[in-house]
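Given next are the chains, with one letter for each unit.
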Amino acid sequence: PLLDTDSDNDLLSDGKEIKVYGTNYLSLDTDNDRLSDKYEVDNGLNPLDPNDAMLADTDKDGVIDPDEIYVYKTDPFKPDTDSDALNDYLEIFQYS
């Protein structure tokens, strides 16, 4: 691979994936935990550990990041995605 290209379109260069992170430069999500390698790197998670996504709750609202992104379509960086004074957890699990 050309080290400055991004073969998997995860916004990490192939060179960084190979030399820095040890991730698969052909896979958007090396550990298959539903969080992209770039997301994990940017948020202090391990892109090689499939278990850390189940602990990731960046906005501390009680809803894990993969579910916010892929299931509920809420913002994992905002505890109250729609700014209505109810956090995402309450809206999803108590008032939906």
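Residues numbered from 1 in each chain as written. Predicted model: local features only at pLDDT ≥ 70, side-chain atom pairs only at ≥ 80, totals over all residues. Heavy atoms only, no water.

(A) Fine view of the nonpolar core. Counting residues in hydrophobic clusters, the biggest one holds five residues: Leu 35, Tyr 39, Leu 45, Ala 53 and Ala 56. Other than its neighbours up to four places away in sequence, Leu 45 contacts Leu 35, Glu 40, Asp 52 and Ala 56. (Core = buried A, V, L, I, M, F, W, Y, C linked by side-chain atoms within 4.5 Å. Buried < 20%, exposed > 50% of the residue type's maximum accessible area, 1.4 Å probe, protein only. Contact = heavy atoms within 4.5 Å.)

(B) Fine view of helix 1 (residues 14-21). Where helix 1 is concerned, the buried positions are Asp 14, Gly 15 and Glu 17. On its buried face, helix 1 is in contact with helix 2 (37-42). Looking one or two residues past helix 1, Gly 22 carries a phi angle of roughly 70°, positive in sign. (Helix = DSSP H or I, 4+ residues; strand = E, 2+ residues; numbered from the N terminus.)

(C) A look at the packing of aromatic side chains. Overall, the coordinates contain three aromatic pairs when judged by the stated rule. With 5.8 Å between their ring centres and 75° between their planes, Tyr 72 and Phe 93 make a pair best called edge-to-face. Remark: Phe 93 occurs in helix 4 (residues 88-93) and Tyr 72 occurs in the loop between helix 3 (65-70) and helix 4; sequence separation between them is 21 residues. Geometrically, the ring pair formed by Tyr 89 and Phe 93 is tilted, given 4.8 Å between the ring centres and 45° between the ring planes. Of this pair, Tyr 89 and Phe 93 both sit in helix 4, four residues apart, roughly one helical turn. Each residue in the set Tyr 72, Tyr 89 and Phe 93 is aromatic and connected to the rest through ring pairs, giving one cluster. (Phe/Tyr/Trp six-rings, centres within 6.5 Å; stacked < 30°, edge-to-face > 60°.)

(D) Examining the pattern of salt bridges more closely. Under the definition given, this model contains two salt bridges. The residue Asp 67 makes a salt bridge to Arg 34 at a minimum N-O spacing of 2.9 Å. Taken together, the positions of Asp 67 in helix 3 and Arg 34 in the loop between helix 1 and helix 2 put the pair 33 residues apart, joining distant regions of the chain. Judged by relative accessible area, which is 35%, Arg 34 ranks as partly exposed. (Salt bridge = Lys/Arg side-chain N within 4 Å of Asp/Glu carboxyl O.)

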